[in-house]
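Reading the structure
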Amino acid sequence: VSLREGLLRARAGEADHPAAVAVFSLLAKEHGTPLYVYDAETIREQARALTAAFVPRFPRLKLRYALKANTNVHIVRLLLAEGLSPEVVSEGEIRAALLAGARGADVLFTSSSKSPSEIDFALRHDVLLNVDNLDELAQASAAATRLGTTARVSFRINPGVDPDTLHQINTGIAESKFGVHLDGGIARAAYETATRLPGLSVTGIHCHLGSQITETAGYEETARKMLAFVRELKEELGLRLSFVDLGGGLGIPFRDGESVMSPERLADALKPIWEEEVARLGYEPELWIEPGRFLVAQSGLMVARVNSVKTTPVKTFVNVDAGFNTLLRPAMYGAEHRVRVVGKSTPPMVLDVAGDVCETGDILAADRSLPRPEAGDLVAFLDAGAYGFAMASEYNARPLPAEVLVDGDTARVIRRRGTFEELHRSEPAGATGR
Ligand SMILES: Cc1ncc(COP(=O)(O)O)c(C=O)c1O
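Since the model is a prediction, treat every value here as computed from it, not as a measurement.

Across its full length, the protein chain holds 14 helices and 18 strands. At 23 Å, the protein chain has a C-alpha radius of gyration in line with the 22 Å of a compact globule built from 434 residues. Reported as C-alpha extents along the three principal axes, the dimensions of the protein chain are approximately 70 × 60 × 45 Å. In the protein chain, which comprises 434 residues, the proportion classed as buried is 55%. Within the protein chain, contacts between residues separated by at least 24 positions form 69% of all contacts whose residues are at least 6 apart in sequence. Looking at charge distribution, the protein chain has the averaged site of its 48 positive side-chain charges lying 3 Å from that of its 57 negative ones.

On to the nonpolar core, then. Counting 109 residues, the largest nonpolar core has Phe-54, Tyr-65 and Tyr-191 as its most contacted members. Here Phe-54 is in contact with Leu-61, Leu-63, Pro-263, Leu-266, Ala-267, Leu-270, Leu-287 and Ile-289, once residues within four sequence places are set aside. Judged by nonpolar contacts, the second largest core, of 20 residues, contains Ala-28, Ala-380, Leu-382 and Ala-402.

Here we take up the site of the ligand. Among the 16 residues in the neighbourhood of the ligand, the closest are listed as Ser-211, Gly-249, Glu-290, Arg-293 and Tyr-387. Residue Glu-290 places a side-chain N or O atom 2.6 Å away from a nitrogen atom belonging to the ligand.

What follows is about helix H8 (residues 186-196). For an α-helix the count is 3.6 residues per turn, leaving residues at separations of three or four pointing the same way. Taken together, the buried positions of H8 are Ala-187, Ala-190, Tyr-191 and Ala-194. The buried residues of H8 all sit within an arc of 95 degrees when viewed along its axis, so they share a single face. Buried residues in H8 make contact with helix H7 (134-147), strand S6 (151-158), strand S7 (180-181), strand S8 (200-206) and helix H9 (217-237).

All right, on to the packing of H9 against helix H10 (residues 263-281) then. At their nearest, the axes of H9 and H10 sit 10 Å apart, and the two run at 15 degrees to each other. Here H9 is positioned roughly parallel relative to H10, judged by the angle of their axes. Note on packing geometry: the crossing formed by H9 with H10 is right-handed. Mapping the contact onto sequence places Tyr-219, Glu-220, Ala-223, Arg-224, Leu-227, Ala-228, Val-230, Arg-231 and Lys-234 in H9 and Leu-266, Ala-269, Leu-270, Ile-273, Trp-274, Glu-276, Glu-277, Arg-280 and Leu-281 in H10. Looking at the contact of H9 with H10 residue by residue, the classes come out as 11 nonpolar, no polar and 7 charged.

Enumeration over the complete set of coordinates arrives at 30 salt bridges. A salt bridge links Lys-271 to Glu-275, with the nearest nitrogen and oxygen atoms 2.7 Å apart. Here Lys-271 pairs with Glu-275, and both are found in helix H10, just 4 residues apart, close to one helical turn. For Glu-275, a relative accessible area of 42% corresponds to the partly exposed category.

So, how was this worked out
Residues numbered from 1 in each chain as written. Predicted model: local features only at pLDDT ≥ 70, side-chain atom pairs only at ≥ 80, totals over all residues. Heavy atoms only, no water. Helix = DSSP H or I, 4+ residues; strand = E, 2+ residues; numbered from the N terminus. Rg over C-alpha atoms; globule rule 2.2 N^0.38 Å. Buried < 20%, exposed > 50% of the residue type's maximum accessible area, 1.4 Å probe, protein only. Contact = heavy atoms within 4.5 Å. Lys, Arg positive; Asp, Glu negative; His and termini not counted. Charge placed at Lys NZ, Arg CZ, Asp CG, Glu CD. Core = buried A, V, L, I, M, F, W, Y, C linked by side-chain atoms within 4.5 Å. Near = heavy atom within 4 Å. Polar contact = N/O pair within 3.5 Å; in protein donor to acceptor, adjacent residues only side chain to side chain. Arc of directions from axis to C-beta. Axes fitted to C-alpha atoms, helices over the stretch in contact; angles between N-to-C directions. Parallel < 35°, antiparallel > 145°, perpendicular 65-115°, else oblique. Left-handed = near helix turned anticlockwise from the far one by under 90°. Nonpolar A, V, L, I, M, F, W, Y, C, P; charged D, E, K, R; others polar. Salt bridge = Lys/Arg side-chain N within 4 Å of Asp/Glu carboxyl O.

Structural data, given as structure tokens:
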């Protein structure tokens, strides 16, 4: 049985198919649970879908991968091999990009709160600083001068556009903490300051509307606003920005049968706006797009084993050996991951899949219609490749799960399971009595 076939069957809702049962049983036996399993080919397919949508429509283009979705170096490497460049939010992510083989000069560093040492580290590696505010700009200028280098900078702009997504992942609205506001001449003043400060080379402009965006309207409005502003910078400050980054945020279907904005639909919607505004501008900057979720979410699933099943006067709970320590999204923002019960075809009933974290809020899936599993059965949570392992913690003193990458007929451990010893690795021996 092909490993990939088992994973694809489960994704397609055929988790009772012998191929799915064989593959999940094998992976769980060899690697234990909870376990993250990624399909390399799905990551390549997503990268190619993005490339196929944008490359023919935008002659000057750079596609990036937002590492925050999944920082495993083996996954980052797959995306670099597809021609994507890294977009990162911390020194740790810069390091992950470098470990995966990226050149520092190809890395874009966006964060609304960069520490002095992160700024230094970025500058030492010629990373492009995507500046969030004027305080940070002054620090970047001082750091570059001190290090005897030139900091390439862009600004993250808050365009004041609502792309209609969950509040917690809506980043381009005026009240969000991110970026320099476009309105009120604030962004213009920021660019003016940047041209005056020493040690800086102003290269481009960036924005990111939010995550899990499923309609094109927000991107269209943003593209118009950003390009009109780029024209203002050219005409009034004589600045010629070399790129316009419209961020990531492309959503994926989280439900069976759901259809969401495809990269073609987005590229199609942006193309006429881009062409019209570029003609007015008089030169063509590079268009940058930087998705995270779109590239890796569907490749990954989290496999857990059922510890027990309990029927209370109110509900039936399926208690599994994973929780919000391994998959935070349901508890953090009510995200819904489809659940597949492996090897069961009994008529569905309404169940809650509960995590093993000692918190009332640790419900991985509420009120789902699923075949009733028994203790020892395996369940898979789909679309967990983005913001899944990346957000995992050791809460409740549970070691981090392992990660396995299925590629063709091989399943390779790309992160071994955490150990109980590691839980205490950084505690001084004296303090723990060891
Ligand atoms: C600046 C920036 N770029 C890209 C992304 C990737 O977003 P997504 O995974 O929704 O594509 C994020 C996510 O929060 C972000 O903050």
